[in-house]
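A closer look at the structure
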Amino acid sequence: MGAGPGGLCSAYVLSKAGVPTTVLEKAPFVGGLARTIRRQTDYGEFRFDIGGHRWFTKNDELNALFREVVADELLWVNRISRIYFDGKYVDYPLKISNALKAIGPVVAAKAMADYGRTRVQQRISPRAVESMEDAYIDQFGPTLYRLFFQRYSEKVWGLPCDQMSGDWVSQRSKGMSLVTAVKDAVVPTKGKVVSLIDEFMYPRGGFGRFSDRMADAIIGAGNDIRLNTGVEKVHREGNRVVGVTVSTEDGSKRVEADNYISSIPLTLLAKIMDPAPSAEILAAADALTFRNIITVNLMLKKRQVTPDTWLYVHDRNILFGRFHEPKNWSPVMVPSDDLTSLVVEYFCSFGDHIWSMSEEELVAQTVRHLVDDLGFITPDEVVGGFTIRAPRAYPAYVIGYEKPLARIREFIGELDNLQIIGRYGTFRYNNTDHSIETGLLAAKNILGESHDLDQVNADDEYHEIKRVAEPVAAGRT
Ligand SMILES: Cc1cc2nc3c(=O)[nH]c(=O)nc-3n(C[C@H](O)[C@H](O)[C@H](O)COP(=O)(O)OP(=O)(O)OC[C@H]3O[C@@H](n4cnc5c(N)ncnc54)[C@H](O)[C@@H]3O)c2cc1C
């Protein structure tokens, strides 16, 4: 269920093992959140990811799978990712020497002093880290939190950081702190190299090619991917799923299998169970929330806007959070070298002021920000723009989310032949690598192995860091 990278990976692995497999996908395309949109214009074809997707994982098996699928379309991209901060650029993820320089000596001294105070306080009377705010302050101190984390996090989540769970921070930046960053800046680690990744793999024709190529292999193996086929009911008897009802252009149909893998939103899965689960499980499904994303895709008569792979914009007056320039990832993303494009990301929720804006308003607002507030482009350089709306793009770890999530997972866990995988499929903030890892392990379980999918993305090292025996550029995985 679901033909994003997670579901496709399961079907890809099963297809290679010769197992008859059917993928059911509600949308008219594969790739889910990780697809690439192609737009024909008078200038030629532009391509846009839904927010730039880079491939990065510390898992060698997944790297091998990605290389096998993407094969001759593989590119290495240099990563330059920065925060645009009060007219200055600061490296992202935060590089401490650079961040302290950008804020000036007085604020830098204050940042170091209040971080020191936080550490001493935590030693004397340790306070539990519950919220996102607690977690950031614990790692970076109050000043750096307010300068570099608070505003952006509030844009992403639409809630104050003291209402969001600290789990997100620990999942994303475990092992990072002001102490380790300063230590690494002053005394470079010997023996083992600790490296912020500065290059990543990317398919030449856009990240969606990864999904397209898995889909080609699945169909090539004689298996079936049914598009425009939304799962509407999941029928259960005792502790087994016995079939699903799907809606198609020709009406409703029942599909049956021995084993089921779901990457559709976990909250939806709970709600479409037949017979319906208890009122408690349904209430738990309602208690879990998510954030939507809208991308504004601009096509520009300009060679380059910035050299960045991503640029983060924290300023509260600017409604978007981040943008990337697809050409900096692959030249194939624009029709010619005289042209470029931007993918500008707005985080929002159903019914809020951003979600309610029309396509024209969003494009005009984006151009105004880029021209008037940031000075990155001029109005005459814009040759076109359109929006993509991606609902439920970010599972939101709002404080208290753990209990309802555990209840739903417990309920689903009682069904022996149903596995949940992916990002919203497991309600975990998974990147593509984690999403396909769950897909891979679910397929292996069907093939007779025994893997605990809950252990995926539960490691305790910062995602951006790979501990390697040799420099990343030499090892390149
Ligand atoms: C802005 C943004 C930037 C990102 N950047 C990166 C990055 O740089 N690197 C990275 O690795 N990851 C990145 N990600 C994460 C990545 O997109 C996800 O991890 C990945 O797409 C999850 O794959 P999935 O298969 O679990 O889910 P999805 O891609 O969400 O696929 C789920 C599929 O299920 C289908 N579906 C839903 N309901 C039904 C139904 N009832 N019946 C049938 N089908 C249904 C959907 O249409 C969809 O195709 C980013 C995500 C976003 C939003």
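Residues numbered from 1 in each chain as written. Predicted model: local features only at pLDDT ≥ 70, side-chain atom pairs only at ≥ 80, totals over all residues. Heavy atoms only, no water.

Right, let's get into the pattern of salt bridges. Applying the stated rule across the entire model yields 26 salt bridges. The partner of Glu73 in a salt bridge is Arg213, with the nearest N and O atoms 2.6 Å apart. Remark: Arg213 occurs in helix H7 (residues 208-220) and Glu73 occurs in the loop between helix H2 (60-70) and strand S4 (74-78); sequence separation between them is 140 residues. Asp224 is paired through a salt bridge with Arg226; the nearest N and O atoms lie 2.9 Å apart. On the accessibility criterion, Asp224 (32% relative accessible area) is partly exposed. Through salt bridges with shared partners, a single ionic network connects Asp72, Glu73, Arg209, Asp212 and Arg213. (Salt bridge = Lys/Arg side-chain N within 4 Å of Asp/Glu carboxyl O. Helix = DSSP H or I, 4+ residues; strand = E, 2+ residues; numbered from the N terminus. Buried < 20%, exposed > 50% of the residue type's maximum accessible area, 1.4 Å probe, protein only.)

What follows concerns the packing of aromatic side chains. Counted by the stated rule, this structure contains 31 aromatic pairs. Above the face of the Tyr89 ring, Arg82 is positioned so that its terminal group lies 3.8 Å from the ring centre. Note that Arg389 overlies the ring of Trp355, its terminal NZ or CZ placed 5.1 Å from the centroid. (Phe/Tyr/Trp six-rings, centres within 6.5 Å; stacked < 30°, edge-to-face > 60°. Lys NZ or Arg CZ within 6 Å of the ring centre and 35° of its normal.)

Looking at the element boundaries, His314 is found in the loop between strand S16 (310-313) and strand S17 (322-324). In this view, His314 contacts Ile83, Tyr84, Leu147, Phe148, Arg151, Tyr152 and Lys155; residues no more than four positions away in its chain are not counted. (Contact = heavy atoms within 4.5 Å.)

Moving on, we come to the domain arrangement of the protein. The domains assigned to the protein are domain 1 (5-34 + 202-287 + 401-455), domain 2 (96-187) and domain 3 (289-396). Put simply, the middle of domain 2 and the middle of domain 3, counted by C-alpha atoms, are 28 Å apart. Between domain 2 and domain 3 the total buried area reaches about 1100 Å² when both faces are included, carbon and sulfur atoms providing 59% of it. The largest per-residue losses of area from domain 2 upon contact with domain 3 belong to Arg151, Tyr152 and Lys155, which jointly make up 59% of the total buried on that side. Viewed at the interface, domain 3 and domain 2 are joined by one salt bridge. Counted by class, the side of domain 2 that touches domain 3 contains six nonpolar, two polar and three charged residues. (Domains from an automatic or database assignment. Buried area = accessible area lost by both parts, 1.4 Å probe. Nonpolar A, V, L, I, M, F, W, Y, C, P; charged D, E, K, R; others polar.)

To continue, consider the environment of Gly18. Assignment of secondary structure puts Gly18 in the loop between helix H1 (5-16) and strand S1 (22-24). According to the relative accessible area criterion, Gly18 is exposed, its value standing at 59%. Remark: the alpha-carbon pair of Gly18 and Asn223, spanning 205 residues in sequence, is separated by 9.3 Å.

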